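Read off the chains here:
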Amino acid sequence: MDYNHIPRQSLGYFPTPLIELSRLSNELAGPKIFMKRDDNTGLALGGNKTRKLEFIIGDALAKGADTIITAGAAQSNHCRQTAAAAASLGLECHLVLGGEAPEQVSGNLLLDKIFGCHIHWAGSHRKGEDIPQIVEQLSKAGKNVYVVPYGGSSELGALAFVEAFKELDSQRESMDETFTHIIFASSSGGTQAGLMLGNRMLNSPYQIVGINIDKGETDTVPFDQYTLSLANSTAKLIGADYEFSESDLILNSDYVGDGYGVVGTLENEAIALTAQTEGILLDPVYTGRAMGGLIDMIRTGKIKETDRVLFWHTGGAPALFAYSSDLDMA
Ligand SMILES: *Cc1c(COP(=O)(O)O)cnc(C)c1O
């Protein structure tokens, strides 16, 4: 299992901190809760995409790209981190964003513009549908274009989370702690596939629990199937002889509510509680929902007081500003 030959471009500062949230645990009368602070990766307000982009942009540079393109929601954290990575390396960046240009430019979209990238609005088209046509135009104009996969969730993106898992495990060891669950927001599958693979490689007994963020109504392949096949193809990429099956995947879809980006009581309460007990900002779309799920699992006894939970903070707080009218902070 040797993958040192795979190119990598440094973009963030690692390891990210691993901290204990004892005031939140006390407030919930629950188990010990730890947090892996990937909101502090150091690239343009941070997030889990920084890790994936180190391998993906490494690949783009190895292939001689001078221009990169990716797609996402208007408030995509992936697009914002991609825009920052491109700026830091002098690459031209194109983003295809869902829907129409909003009247108010805020949150991640504001940052995309500050990084000087070219924004294409997808209108009624599905995510990424317009990429081939834009790539063709750019290629005709003499650009060497590299397509960064949706959410950074390719084998290279997942590989970054095999590395992240190892990083976490060595921090855990030096803290002389143990975990029963690793809980995080799961949406394009790369984080979950990589953590599953890392967990298997290190023979760790943790439950890797993805909190599903998206109803997935527009996905062509069901999200659980996609994540499983990504875990398997990433294992192949690094020559690991593992085969994951359905029983290896823990994807909790109890908290999708009204769907992607629809902020309700669950997210509002989780954001307020985490901020007011720990001084830590979650985001309205991903980590607010995942923490809401964790809080509910503690309150309903699905996670017991004797458990040891690691919550992986995957970033996203810049979107708070764009969601201010959905956030009910009395
Ligand atoms: C992209 C993202 C996720 C989901 O990670 P995937 O690897 O796409 O499943 C979670 N949280 C935040 C803040 C994100 O931006």
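Residues numbered from 1 in each chain as written. Predicted model: local features only at pLDDT ≥ 70, side-chain atom pairs only at ≥ 80, totals over all residues. Heavy atoms only, no water.

Q: Mind showing me how you'd approach the overall build of the protein chain here?
A: On a plain count of helices and strands, the protein chain comes out with 10 helices and 10 strands. Classification of the 330 residues of the protein chain by burial places 56% in the buried group. The long-range share in the protein chain, meaning contacts at least 24 apart out of those at least 6 apart in sequence, stands at 78%. Only carbon and sulfur atoms are counted for the fraction: they give 48% of the accessible area of the protein chain, which is about 14000 Å². Between the averaged position of the 25 positive side-chain charges in the protein chain and that of its 41 negative side-chain charges there is a distance of 2 Å. (Helix = DSSP H or I, 4+ residues; strand = E, 2+ residues; numbered from the N terminus. Buried < 20%, exposed > 50% of the residue type's maximum accessible area, 1.4 Å probe, protein only. Contact = heavy atoms within 4.5 Å. Areas by Shrake-Rupley, 256 points an atom, 1.4 Å probe, with all protein chains shown as cover. Lys, Arg positive; Asp, Glu negative; His and termini not counted. Charge placed at Lys NZ, Arg CZ, Asp CG, Glu CD.)

Q: What is the right way to look at the environment of Pro149 in this model?
A: The topology assignment puts Pro149 in the loop between strand S6 (145–147) and helix H6 (155–175). Along the backbone, Pro149 and Pro318 are 169 residues apart, and their C-alpha atoms lie at a distance of 22 Å. Not counting chain neighbours up to four residues away, the residues in contact with Pro149 comprise Ile56, Thr70, His78 and Ser154.

Q: I tried to follow the sheet that holds strand S3 (residues 67–72) on my own but got confused; where do I start?
A: What links the strands of a sheet is backbone hydrogen bonding, and the strands pair in either a parallel or an antiparallel sense. With parallel pairing, four strands are arranged side by side in an open sheet as S5-S4-S3-S6. The open sheet is flanked by strand S5 (118–121) and S6, the only strands paired with a single partner. Strand-to-strand twist of the sheet, defined as the mean angle between neighbouring strand axes without regard to direction, takes the value 20 degrees. Across four bridges, the pairing between strand S4 (residues 92–97) and S5 is parallel. The partner of Leu95 across the bridge, within S5, is Ile119. Packed on one face of the sheet, helix H3 (residues 77–89) meets S3 and S4 and runs near 170 degrees to S3. Set on the sheet, helix H5 (residues 131–140) makes contact with S3, S4, S5 and S6; between it and S3 the angle comes to about 165 degrees. (Pairing = 2+ DSSP bridges. Axes fitted to C-alpha atoms, helices over the stretch in contact; angles between N-to-C directions.)

Q: I keep staring at H6 and nothing clicks. Help me out?
A: An α-helix turns once every 3.6 residues. As a result, residues three or four positions apart point the same way. For H6, spanning 21 residues, the distance from its first C-alpha to its last is 30 Å, which sits close to the expected 30 Å at 1.5 Å a residue. Asp176, located one to two residues past H6, shows a positive phi value of around 55 degrees. (Expected span 1.5 Å × (residues − 1).)

Q: Which parts of the structure should I look at to understand the site of the ligand?
A: In the vicinity of the ligand, 16 residues are found, and the nearest of them are Lys49, Lys52, Ser188, Thr191 and Thr314. Between the ligand and Asn48 there is a distance of 3.1 Å, counted from an oxygen atom to a side-chain nitrogen or oxygen. Side-chain polar atom of Asn77 to an oxygen atom of the ligand: 3.1 Å apart, as the coordinates give it. Contact with the protein chains removes 98% of the 380 Å² of surface that the ligand exposes when unbound. Those elements giving two or more residues to the shell around the ligand turn out to be helix H2 (49–62), strand S7 (181–186) and helix H7 (190–201). When the residues that make up the shell around the ligand are grouped by side-chain class, the tally is two nonpolar, 12 polar and two charged. Both domains that meet at the shell around the ligand, namely domain 1 (18–47 + 153–326) and domain 2 (49–152), each give it at least three residues. (Near = heavy atom within 4 Å. Polar contact = N/O pair within 3.5 Å; in protein donor to acceptor, adjacent residues only side chain to side chain. Nonpolar A, V, L, I, M, F, W, Y, C, P; charged D, E, K, R; others polar. Domains from an automatic or database assignment.)

Q: Sorry if this is basic, but what is going on with the pattern of salt bridges here?
A: In a structure, side chains of opposite charge can pair up when their charged atoms sit close to one another. One pass over the full model with this rule turns up 17 salt bridges. The salt bridge partner of Arg8 is Glu54, with a shortest N-O separation of 3.1 Å. Residue Arg8 is found in the segment before strand S1 (18–20), and its partner Glu54 is found in helix H2; the two are separated by 46 residues along the sequence. Judged by its relative accessible area of 4%, Glu54 falls in the buried class. In this structure, Asp307 and Lys304 form a salt bridge, with 4.0 Å as the shortest nitrogen-oxygen distance. (Salt bridge = Lys/Arg side-chain N within 4 Å of Asp/Glu carboxyl O.)

Q: Help me understand the domain arrangement of the protein chain in this model?
A: The accessible area lost on association of the parts is a frequent measure of interface size. Under the domain assignment used here, the protein chain contains domain 1 (18–47 + 153–326) and domain 2 (49–152). Listed as interface residues are 32 residues of domain 1 and, on the opposing side, 25 residues of domain 2. If you sort the residues of domain 1 by the area they bury against domain 2, Leu43, Ser153 and Leu156 come out on top, with a joint share of 24%. Joining domain 1 to domain 2, the criterion identifies two salt bridges. Glu167 serves as the salt-bridge partner of Arg51, at 2.8 Å between the closest nitrogen and oxygen. If you look at where domain 1 meets domain 2, you find 11 residue pairs in polar contact (both at pLDDT 80 or more). Elements that contribute at least two residues to the side of domain 1 that touches domain 2 include exactly H6 and H7. Examining the composition of the side of domain 1 that touches domain 2, we find that eight residues originate from one element, H6, more than from any other. (Buried area = accessible area lost by both parts, 1.4 Å probe.)

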